[in-house]
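Notes for the structure review
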Amino acid sequence: MVVMSRPLFIGSEIYRNSTYGKGHPLAVPRVSTTIDLCRALGWLPDEVYREAPMATVAQVTRFHDPAYVAALQRAEAEQQVSEADKQRFAIGVAGNPVYAEIFRRPMTSAGGVLLAARLTAPGGIVYCPGGGTHHGRADRASGFCYLNDPVLGILSWLDQGISPVAYVDIDAHHGDGVQDAFAGDPRVKTISVHEEGRWPRTGRADDTAGGSARNFPVPAGFNDSEMRVLLEGAILPEVRALKPAAIFVQCGADALEEDPLSQLSLSNNAHWSVVGALRDLAPRLIVTGGGGYNPWTVARCWAGVWATLNGYDIPQLLPPAAEAVLRPLVYNRAAGRNPPDHWFTTLRDAPREGMVRPEILALIPETA
Ligand SMILES: [Zn+2]
């Protein structure tokens, strides 16, 4: 086994004050809050923090269509898109708005993940909360994602001779862009847990993408107990059987109970358990963010992911400096008008244990 060096955190200041626009679910701050919270907790000394570089056009066209990348660059420069670009590249439509950093921000997320793929080549752990744009397509935007940084990161590992790769996606939405990019590729196994019937409505249990995918569509109300059963009964055996040289975890925070875009009911303990269980199953690990649209639950979840990667104890009550990061956040939804105090004063949610329903057991080979 490779001796792991200390985990690294790749962030960027580009996310601070960047917004998809008022009224869009991605109007809320996420990465900047996660960084601030980790710093306030004393978890992010300068020596483990790296500022993500912007990817180069040559790097992202390893997967993306050069004409599409040029259209993103044009959209940022002009802050509008032609009808032709709208139609052809889904920019400025369907939840993929033209916003101030529409080129630089995805290029920075991609650059961060590509840096992570290089830094982990000799072995190691890198956390990129700004990454995880799993819906991005080679030639168009999709589901708030412009580029697909998980695909780019995994391709970089493959190009460096690192395989097989396990991709584990616990975002509330199916990791369709990553699954499709590696469909039928024996070097990559994509595993996705997502809410059944939710957009993009792909990733059925019988969808194996030619043998390269495992899908676990779960019903509304999916709880911590059910995630534990799925993790231990299906996800970990699948990953262990692959004997991966590297694991990529997309740790979207939108399957949390308080998230506005899904009806799943996990507590952040579930996310940390998944990350903790996968941490030591391969010599290389990249963990990214993903979805997550309640600014308090995202930042608390993702700061706790960093603590999990490092083995830090999570305090019962946050110190005043950390509370001061969370208290001023603004969230223009009903839940933001009167947020409960524990969103400011704690990192760890109360566990959300519950019945393990037959639909979950049916997803596990031995119990089906
Ligand atoms: Zn999502």
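Quick caveat, the model's predicted, so the values are computed rather than measured.

1. Re the pairing of strand β4 (residues 165-169)
With five of five residues buried, β4 lies mostly within the body of the structure. Covered by surrounding structure in β4 are Val-165, Tyr-167 and Asp-169 together with Ala-166 and Val-168, the residues of both alternating faces. As judged from the five bridges shared by β4 and strand β5 (residues 188-195), these two strands associate in the parallel manner. Counterpart to Tyr-167 in the pairing with β5 is Thr-190. Crossover connection from β4 via helix α7 (residues 176-181) to parallel β5: handedness right-handed. Examined bridge by bridge, β4 and strand β7 (residues 246-250) share five bridges and lie parallel to one another.

2. So, the packing of aromatic side chains
The tally for this structure, following the rule as stated, stands at 15 aromatic pairs. Ring centres of Phe-9 and Trp-306 lie 5.2 Å apart, and the angle between their planes is 85°; this geometry places the pair in the edge-to-face category. Separated by 297 residues along the polypeptide, Phe-9 in strand β1 (residues 8-11) and Trp-306 in helix α10 (residues 295-310) bring together distant segments of the chain. Ring centres of Trp-296 and Tyr-331 lie 6.1 Å apart, and the angle between their planes is 90°; on these two criteria the pair is classed as edge-to-face. Taken as a pair, Trp-296 in helix α10 and Tyr-331 in the loop between α11 (320-326) and α12 (334-337) lie far apart in primary sequence, 35 residues in all. When its relative accessible area of 1% is taken as the criterion, Trp-296 is described as buried. In this arrangement the basic side chain of Arg-39 is found over the ring face of Tyr-49, its NZ or CZ atom lying 4.9 Å from the centre.

3. Side note on the coordination of the zinc ion
With distances of 1.9 to 2.1 Å, the protein atoms coordinating the zinc ion are Asp-171 (OD), His-173 (ND1) and Asp-254 (OD). Look at where the donors of the zinc ion fall in the sequence and you get D-x1-H-x80-D. With His-173 in the loop between β4 and α7 and Asp-254 in the loop between β7 and α9 (268-279), this pair connects stretches of sequence that are 81 residues apart. For His-173, a relative accessible area of 9% gives the class buried. Using a relative accessible area of 0% as the deciding quantity, one classes Asp-254 as buried.

4. Some thoughts on the sheet that holds β1
With parallel pairing, the eight strands of this open sheet are ordered in space as β2-β1-β3-β8-β7-β4-β5-β6. The strands lining the two open edges of the sheet, one partner per strand, are β2 (49-51) and β6 (213-218). Looking at each pair of strands side by side, their axes are set apart by 15° on average, direction ignored. Relative to strand β3 (residues 124-128), β1 runs parallel, the two being bridged by two bridges.

5. Some remarks on unusual backbone geometry
Here the amide bond leading from Ser-163 into Pro-164 is cis, since omega sits at 0°, within 30 degrees of zero. In this fold, Pro-164 is placed in the loop between α6 (149-159) and β4. Phi at Ala-94 takes a positive value of approximately 50°, unusual for a residue other than glycine. When you line up the elements, Ala-94 lands in the loop between α4 (83-89) and α5 (104-119). Here Ala-94 falls in the exposed class, since its relative accessible area comes to 68%. The backbone phi angle of Phe-144 is positive, close to 70°, even though this residue is not glycine.

6. Here we look at the environment of Asp-254
Each C-alpha atom of the pair Asp-254 and Glu-47 lies 30 Å from the other, and the pair is 207 residues apart in sequence. Residues in contact with Asp-254, not counting those within four places in the same chain, are Asp-171, Ala-172, His-173, Asp-259, Ser-262, Gly-291, Gly-292 and Tyr-293. Among the polar contacts listed, one links the side chain of Asp-254 to the backbone nitrogen of Ala-172, at a separation of 2.8 Å.

7. Structural notes on the pairing of β3
Among the five residues that make up β3, five are buried, leaving the element largely enclosed by the rest of the structure. The side-chain alternation of β3 yields two buried faces, one formed by Gly-124, Val-126 and Cys-128 and the other by Ile-125 and Tyr-127. Note that β3 and strand β8 (residues 284-288) share five bridges and pair parallel. Bridged to Ile-125 within β8 is Leu-285.

About the cut-offs
- Residues numbered from 1 in each chain as written.
- Predicted model: local features only at pLDDT ≥ 70, side-chain atom pairs only at ≥ 80, totals over all residues.
- Heavy atoms only, no water.
- Buried < 20%, exposed > 50% of the residue type's maximum accessible area, 1.4 Å probe, protein only.
- Helix = DSSP H or I, 4+ residues; strand = E, 2+ residues; numbered from the N terminus.
- Pairing = 2+ DSSP bridges.
- Right-handed = clockwise from strand over helix to strand, strands pointing away.
- Phe/Tyr/Trp six-rings, centres within 6.5 Å; stacked < 30°, edge-to-face > 60°.
- Lys NZ or Arg CZ within 6 Å of the ring centre and 35° of its normal.
- Donors = N, O, S within 2.8 Å, 3.2 Å for Na, K, Ca; no water.
- Axes fitted to C-alpha atoms, helices over the stretch in contact; angles between N-to-C directions.
- Contact = heavy atoms within 4.5 Å.
- Polar contact = N/O pair within 3.5 Å; in protein donor to acceptor, adjacent residues only side chain to side chain.

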